[in-house]
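# Analysis of the macromolecular model
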Amino acid sequence: MARCRLLLFLAAVFSIFGLLHASAGDADPVYRACVDQCEKTGCVGDKCSQNCNFTSGGSPIDGPWYLQEPLYLRWKQWDCLSDCRYHCMLSREEERKKLGLKPVKYHGKWPFQRVNGIQEPVSVALSALNLAVQFHGWVSFFILVNYKLPFRPNKKPYYEYTGLWHIYAIFSLNSWFWSAVFHSRDVDLTEKLDYSSAVALLGFSLILAVLRVFNVRDEAARVMAAAPILAFVTTHILYLNCYQLDYGWNMKVCMSMGMLQLILWAVWAGVTCHPSRWKLWVVVIGGGLATLLELYDFPPYRGFVDAHALWHATTIPLTCLWWSFVRDDSEFRTTTLIKKAK
């Protein structure tokens, strides 16, 4: 009898902790009851989920083999539970809206409207546009350095940071690709790939800022400057993937690395005689203001546009201006080095 009481006590304690860690939406008893009922019937009101007719592996519960769910739908990993949560969330938010209540988060996310199975369509579109802008900026820089600017006698570019900017472009393309995938479907794998890619990009951007601002050209000095940052970023990524995906700590790390490189570029823009330093000022100020959108969280407008989506939108013009500065910097350094060589 005592053992049974102990088990009941522990179960109650763990249930309380579960509610404490839950979002306000998924802790709502009405929402929970709706999800439980939907898993049994497959319907929320007049909306029924086709996924409730399939197992998690895509096989039909009742019916022949040719009724298996198509692969092009199965990759999204929508199942009966996720569909029930989605439709119950929309139903509950409609009820809350009629009562004059504000939207709340469900399972850590705002109530977004799906479009063709895509979880956050606006963020996906803006991530894809950022990817395209990054690729265009990289290609324009590649053409300038390799086909328009003169080379050294050893057939290498005069601009000493060419290779670093190529690596930066690869990190950027990788980050925006996984951002689009993650906002299409938020599962454990896509979430970790998105977070890890963003941290890797911020880490390398910080390395690049240190090397360019302090004009580090010696290879040994570059390795010494980059090694501590590289070690920290690698450790942080391993921590997120192998130990705990701590959102609060990751936000602090990303904000710290982002603000540090903005400060470095701002100070350098204030003391340098670079002809395109005004572009740096615009990017630094614009980037700093855009960062506020990551801190100020608000519910998505009409279920589509939230603060994070607006942050994606602000990075598009800033990226265009950023690659414009990189091209100007390569021309400026090339011209300066050629004059010194004469």
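The chain carries the name Post-GPI attachment to proteins factor 3 in an unreviewed UniProt entry, which gives Nicotiana attenuata as its organism. Recorded in UniProt under Sequence similarities (unreviewed entry), the annotation for the chain is "Belongs to the PGAP3 family."

This part covers a nonpolar patch on the surface. A cluster of nonpolar residues, Met251, Trp281, Ile285, Leu289, Leu292 and Leu295, forms a patch on the protein surface that exposes about 590 Å² of accessible area. Per-element tally for the nonpolar patch: the top contributor is helix α10 (residues 277-295), with five residues. Position of Leu292 among the secondary structure elements: in helix α10.

In this structure the tally under the stated criterion is 13 salt bridges. Shared partners join several salt bridges into a network, and the residues in it are Asp28, Arg92 and Glu95.

All right, on to unusual backbone geometry then. Positive phi is not limited to glycine here, since Asn116 has a value of about 55 degrees. Locating Asn116 in the fold gives a position in the loop between α4 (80-98) and α5 (121-148). In this structure Asn116 comes out as exposed when scored by relative accessible area, which is 69%. In this structure, Asn215 is a non-glycine residue whose phi angle is positive, near 50 degrees. Position of Asn215 among the secondary structure elements: in the loop between α7 (188-213) and α8 (219-242).

Under the criterion given, the structure shown has three disulfides. Each sulfur in the disulfide pair Cys38 and Cys84 lies 2.1 Å from the other. As the torsion about the S-S bond is roughly -75 degrees, the Cys38-Cys84 disulfide counts as left-handed. Linking Cys38 in helix α2 (residues 29-41) with Cys84 in helix α4, this pair joins segments that are 46 residues apart in sequence.

Scoring rules and cut-offs
- Residues numbered from 1 in each chain as written.
- Predicted model: local features only at pLDDT ≥ 70, side-chain atom pairs only at ≥ 80, totals over all residues.
- Heavy atoms only, no water.
- UniProt positions renumbered as here; feature names shortened; annotations may be inferred.
- Patch = residues over 30% accessible without salt bridge, like charges linked within 9 Å, V, L, I, M, F, W, Y side chains within 5 Å.
- Areas by Shrake-Rupley, 256 points an atom, 1.4 Å probe, with all protein chains shown as cover.
- Salt bridge = Lys/Arg side-chain N within 4 Å of Asp/Glu carboxyl O.
- Helix = DSSP H or I, 4+ residues; strand = E, 2+ residues; numbered from the N terminus.
- Buried < 20%, exposed > 50% of the residue type's maximum accessible area, 1.4 Å probe, protein only.
- Disulfide = S-S within 2.5 Å.

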